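Structural features, examined
As a plain string of letters, each chain reads:
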Amino acid sequence: MKAIVYHEHGSADVLKLEDVEKPVPKDNEVLIKVRAASINPLDWRLMRGEPKIIRVMAKLMGGTGTGRPGVDVAGEVEAVGSNVKKFKVGDGVFGSCVGALAEYACAGEAKVTLKPVGVTFEQAASINVAGLTALQGLRDKAKLQRGEKALINGAAGGVGTFAVQVAKHLGAEVTGVCSTRNVEMVRSIGADRTIDYTKEDFVNLPERYDVIFECVGNKSPSQLQSVLKPNGRSIGVGAPHDLSMIGLLASAISAMRLSMFSDRKVTSFLAKGNADDLAFIGNLIVSGELTPVIDRVYDLTECADAMRHLEEGHARGKVIVAVGGER
């Protein structure tokens, strides 16, 4: 089968479309004929291998010296392991796997769920990382309540477009921070107000928020805390483009120190795989309460271009890779 592989760290030029052995599902896995996948910032960070600690992650995910990018998958069940009970051959599914940028991929039974009929494979492929981050971060970590004011910094990105719509579903009054070209789009998906960061900096404005959902990583913990209401919560889910371990540690220590002596908390969050939450988001799409924003769709042969586009940092919503004729 064909799959995207890299054998060394570097720019998107290291991505190669190669013939690899078709995987065989373990007892608790399903083999998926991939119809669509999406890529996330973690994919290009693993590809780049910077900072160095990420190279350890790359080896854990793809084996010594080889990377298999892509964790967001949607497709059809091709085969099932002996212990799989929830799925049968032919089922449309979506969720998490390793090496989604391929014609076939294996996923644990607990890491995927059935794709609703009213959701396309491209839409389903956009959900796993971005959708779960938005839903779990706002609902579970921030405990966003109806009537509260929420600010989404990076509202036009992959996570941000989901976050704006999830926050509205939860009943919040939503402000989205984005660039000029994305203002109308962010309004169209439900933001009550937008802030164009090329003209205004939200930390310098008088408005205060119950929840800040920080998808960009370009504000310090003290800046974020300064625009929170009493008992406010800032949830960081993004990292700056030029990531460094020293910077991350310094920010985490600062956030802990500030939160320790204040009722305005600044913290970070990583989503966890959850099939029920995947299904919940799928049903929101079917009901029309949420519409995945898809920036561009690439073919499997164009993965290097897709990764370059995502790495530039200006993708509007999700970047999708279509496989097996879905495009």
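What you see is a predicted model; the values in this text were computed from it and never measured.

About the cut-offs
Residues numbered from 1 in each chain as written. Predicted model: local features only at pLDDT ≥ 70, side-chain atom pairs only at ≥ 80, totals over all residues. Heavy atoms only, no water. Buried < 20%, exposed > 50% of the residue type's maximum accessible area, 1.4 Å probe, protein only. Helix = DSSP H or I, 4+ residues; strand = E, 2+ residues; numbered from the N terminus. Contact = heavy atoms within 4.5 Å. Pairing = 2+ DSSP bridges. Axes fitted to C-alpha atoms, helices over the stretch in contact; angles between N-to-C directions. Expected span 1.5 Å × (residues − 1).

1. Here's the deal with helix α10 (residues 303–311)
Most of α10 sits out of view: 7 of its 9 residues are buried. Buried residues of α10: Cys303, Ala304, Ala306, Met307, His309, Leu310 and Glu311, and no others. The elements touched by buried residues of α10 are β1 (2–5), β3 (29–39), α1 (41–48), β14 (294–299) and β15 (318–322). Backbone geometry just after α10 places Gly313 at a positive phi near 90 degrees.

2. Some words on the environment of Leu205
By secondary structure assignment, the location of Leu205 is in the loop between β10 (193–196) and β11 (209–214). The class of Leu205 is buried, set by a relative accessible area of 17%. On a C-alpha basis, the gap between Leu205 and Ile195 in space is 10.0 Å, while along the polypeptide they are 10 residues apart. Non-local contacts of Leu205, meaning those with residues more than four positions away in its chain, are made with Arg193, Ile195 and Glu200.

3. Digging into the sheet that holds strand β9 (residues 173–178)
The strand order across the open sheet formed by 6 strands is β10-β9-β8-β11-β12-β13, and the pairing between neighbours is parallel. Either end of the sheet is taken by a strand with one partner, and the two such strands are β10 and β13 (265–268). Between one strand and the next, the sheet's axes are offset by a mean angle of 15 degrees, whatever the strand orientation. Bridge count for strand β12 (residues 228–236) against β13 is 4 bridges, and the pairing is parallel. When the sheet's bridge partners are listed, Ser234 is paired in β13 with Val266.

4. As for helix α5 (residues 158–169)
The periodicity of an α-helix, 3.6 residues per turn, causes residues three or four places apart in sequence to face the same way. With 12 residues, α5 ought to run about 16 Å at 1.5 Å a step, and its terminal C-alpha atoms sit 17 Å apart, in line with that. For α5, the buried fraction is high: 10 of the 12 residues fall into the buried class. Regarding α5, the residues found buried are Gly158, Val159, Gly160, Thr161, Phe162, Ala163, Val164, Gln165, Val166 and Ala167. Two residues or fewer past α5, Gly171 is found with a positive phi of approximately 90 degrees.

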